[in-house]
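Observations on the model geometry
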Amino acid sequence: MSSDAPFTDTAMRHPGSVGWRPLRKALATVAWLLAVVLVAACSGTSGSAGGKVTLEFAQWWAPEMPKGSLQKIVDSFEKQNPNIRIKLISQPFSTLQQQTTSNAATGTLSDIVGLDGAWVNDLHKLNALASLTDLMKDAGYSGDDLASQVKVDGVTSMIPVVNFTYPLFTNDAILKKAGVAHPPKTRTEFVAAAKKISKLNGVKGWVLPLGTTNPNGAQNDVMSWLWASGGQMLKDGKPNLVNNPGVTDTVDFVKSVYDADAVSKGAFTLQETDKMNQFTNGQVGMMIDSLAHITTIEQSNPKLKFHVSALPTTDGFTQKSGLDYASWGIGVSEKSKHKAEAWKFIQYLMNTKINSRLATLANGFPGNSAAAPDLSKASAEYKQAFAIYRAGRPENEFVGLPKSNQLMRDFDEEFQKTLSGKQTVQAMLQNTQNSWGTAFK
Amino acid sequence: MMHRVEAAPTPRVDGERRRSEGRMRSADQGDPAPDGGHRGAPGRSGSGRLGRAAVPYAFAAPGTIVITGLMVVPVLIVIGYSLFDNVITEPSPTFTGLANFAHLFSSGDFPRALANTAIFTVASVLSHLVIGVGFAMMLNSKLLPSWLTAVFRVLFILPWLFTAAVVAVVWRLMLDPHGVINFVLQQLHLISSEVPWFSTPTTAMASIVVMNIWAGYPFFMISLLAGLQGIPDSLVEAARMDGATGVRTFFNVVVPQLRPILISMSMLDILWTSQQFALIWLTTGGGPLNLTEVVSTFTYKAAFSDYEFSQASAAAVVLIAFSLIIAVVYLRAQRRADA
């Protein structure tokens, strides 16, 4: 009996110890899990500790710039603003595009976000972007130096930091081999050059990416021809594709190059990256591409000699050409808790000196109208592009349109049918206009 | 004093052992009080019983919370979204009942995506099955030396090791007009000019099916190989002694033995293949001419390109319903196999 006493005594003093101990452990585990989940759910993208604010900046710019150069600009900002830390989140363009849409829908957009003009309208409708008009006003920034601002419903949602034109890239060696004396200046010269190049073994004249995964071929490889020759696809902000001679001529022209078998095969699933790869590998003689890709092309094939020139226009066109452009735009998340600090960083990127440096590093043109790119160490291609930029006017009618990507996808899908011989150009334009109409309701 | 110090450990250890025994006994027998003298104490027995009753629920709670938070709630939200209009994009969506489903099935695009999904799934699963069985039989064969079997096993399982992105890039390169497949076919004079397999309307669907077969057959192969190795040699030998041919042995001995695995694998593969997104998105994007548009790519475009989250949710609900039916069939098959 005496040896049983300690057991009995313990059991008496802690009656629930047998059943409750594992329960307590299990409940503690549950509590920890819940705490972790709740903390994770409640924490936003930005944070502040010890008076220091950390802001996330999601963008696709860093991978397209010389390695580490964007981080250096961020470092110089942090040096001037020791209480603000910028955390770069760098992803390829297409990945960021999908990420931005899903994050906007779920309210988890980074504090500062790199934007393309095609996304702005939709993000604005999702109430994901803060009003930069208000932030500029609060900071006492006039915005007079900004070359452009992308507004939706009268509110600035995006500021283009660097602009890139989409000129014609031509492979010097291939043109020479095909007997093309100089880059084409008119559509007639372009068709002739494309046909000549396509007679070479294993090379095609042009690459036309119409893949629908990222459908920007409609904008950069088809409509750019329209803008270059002074045409417009919109009238009073609404689609104007039917009975529009400029649009009809453009579609007919692109179709004629395709029908002449002067376009690289597989156009219906090609993407922008495929276009760049084919040009870099010498599989095509000509492409329309962003100046932002110059660095990538030079790094991928340092021996490649190429030229950039203005997009060919209709024969006899003498007015100022519209230059298809894309921007490295920037905006602030509506959900950010540190909008003022986010604006401070944007203002830093837009100051004359930094904006000029950023544009030079990116082979683009400054978003600050007072800034000028540093041409002293610039490559020959960049100098050519700057001359084209000064001679033309930036034009991209897809910027700021609702469901811009879907509009391009609709166009690509209808154009694929036309190129396959399943419908006429007129039917294509009518069907596309009908599809677009729903987005503009 | 010395005596007490030296003697003290013995009863303490004994006491701990007894406590441990008491815990085990009470847990096994459902007895709330190991000590009979206090068995009737109401406060102690009540709390102990409650505690023991709550233990399994407490252990299940973390998993339940995680599954509820990450699966049940999102699925319910998606089902809810499918019954409203302009969800996410509008702060006050309106209830529209089944209108989104009616619109889906009347539009033409979604039924076509469903049909493409069916073609893609049936072709892939049947091919996975046939190739998986064939390769598993080969690897299980005693005709090959063991070292060669090991080499083939490694080679055949390689596709399973690659992520979808890698598989897509590999097949894009192989099927490129300048790729190795066109080169080989031209050398063999089977084609006169390069074929852009993914972007030609007549070959696009076949191309993504072939890619998906390549990426998925190793899972069948390995599972069936394990099943084959579990078939007693005596069964096969008995069949042979009875004069059964190889084909007859295969269909009357091997296949019945593999049946539970074949059914389970087929059900799982139907579920996975019908939801395939990455491979298709990264190669054809649903094109050309929407000929490879499947439910997953349709849903993605509706949500992230057209911002029609209600339509996308309705499409997702259709896929969930289909998956549920397959899952129920799968579970029943499993239950039958277990019995």
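What this report covers is the structure whose coordinates are included nearby. Because the structure is predicted, anything quoted here is derived from the model rather than measured. Throughout this description, residue numbers start from 1 for each chain and increase along the sequence as written. Whichever chain is written first is A, and whichever ligand is written first is 1; the rest continue in order. For a predicted model such as this one, the threshold for reporting local features is a pLDDT of at least 70, and the threshold for listing and counting side-chain atom pairs is 80 or more; totals across whole chains, interfaces and linings nevertheless cover every residue. To obtain the side-chain values, all non-hydrogen atoms of the structure were included, while hydrogens and water were left out.

**Quick notes on the sheet that holds strand β11 (residues 284-288) of chain A**
Residues and elements named next belong to chain A. Strands pair, by our definition, only if DSSP identifies at least two bridges between them. Going along the chain from the N terminus, every DSSP run of H or I of four or more residues is numbered as a helix, and every run of E of two or more is numbered as a strand. Across the sheet, 4 strands lie side by side as β8-β11-β7-β12; this open sheet has mixed pairing. Of all the strands in the sheet, just β8 (204-206) and β12 (306-309) have a single pairing partner and so form its edges. Shown here is a sheet whose adjacent strand axes are inclined to one another by a mean of 15°, direction ignored. Bridge count between β8 and β11: 2 bridges; the pairing is parallel. In the sheet register, W206 faces β11, and the bridge partner there is M286. Axis lines are fitted through C-alpha atoms, for helices just across the contact stretch, and the angle between N-to-C directions can take any value from 0 to 180 degrees.

**Observations concerning the pairing of strand β13 (residues 322-332) of chain A**
All names here are of chain A. Only protein chains enter the area calculation, which uses a 1.4 Å probe; residues under 20% of their type maximum are buried, those over 50% are exposed, and those in between are partly exposed. Counted residue by residue, β13 has 11 buried out of 11 residues, so it is predominantly covered. Burial of β13 is two-sided: the residues G322, D324, A326, W328, I330 and V332 facing one way and the residues L323, Y325, S327, G329 and G331 facing the other way are all buried. Direction of pairing for strand β4 (residues 112-115) relative to β13: antiparallel, over a ladder of 4 bridges. In the strand pairing of β13, I112 is matched with V332. In this structure, strand β6 (residues 155-165) lies alongside β13, joined through 6 bridges in antiparallel fashion. Looking across to β13, one finds that F164 is bridged to A326.

**What about the environment of N363 of chain A?**
Residue and element names in this part refer to chain A. With respect to the helices, strands and loops of the structure, N363 is situated in the loop between α15 (352-362) and β14 (365-366). Along the chain, N363 and K255 lie 108 residues apart, while their C-alpha atoms are 31 Å from each other. In this view, N363 contacts F164, L291, I294, T295 and Y382; residues no more than four positions away in its chain are not counted. Within polar-contact distance, the side chain of N363 engages the side chain of T295 at 3.0 Å. Residues are treated as being in contact if the distance between any of their heavy atoms lies within 4.5 Å. Distance and chemistry together define a polar contact, namely a pair of N or O atoms within 3.5 Å, with one atom able to donate a hydrogen and the other to accept it when in protein, and with adjacent residues in sequence counting only for side-chain atoms on both sides.

**Here's the deal with unusual backbone geometry**
Across the junction of G287 of chain B and P288 of chain B, the peptide omega takes the value -10°, indicating a cis bond. Secondary-structure assignment places P288 of chain B in the loop between α12 (278-283) and α13 (295-304). Of note, N363 of chain A is a non-glycine position whose phi angle comes to about 60°, a positive value. Owing to a relative accessible area of 10%, N363 of chain A belongs among the buried residues under this scheme. Not every positive phi belongs to a glycine, and K403 of chain A is a case in point at roughly 45°. Within the fold, K403 of chain A resides in the loop between β15 (393-395) and α17 (404-419).

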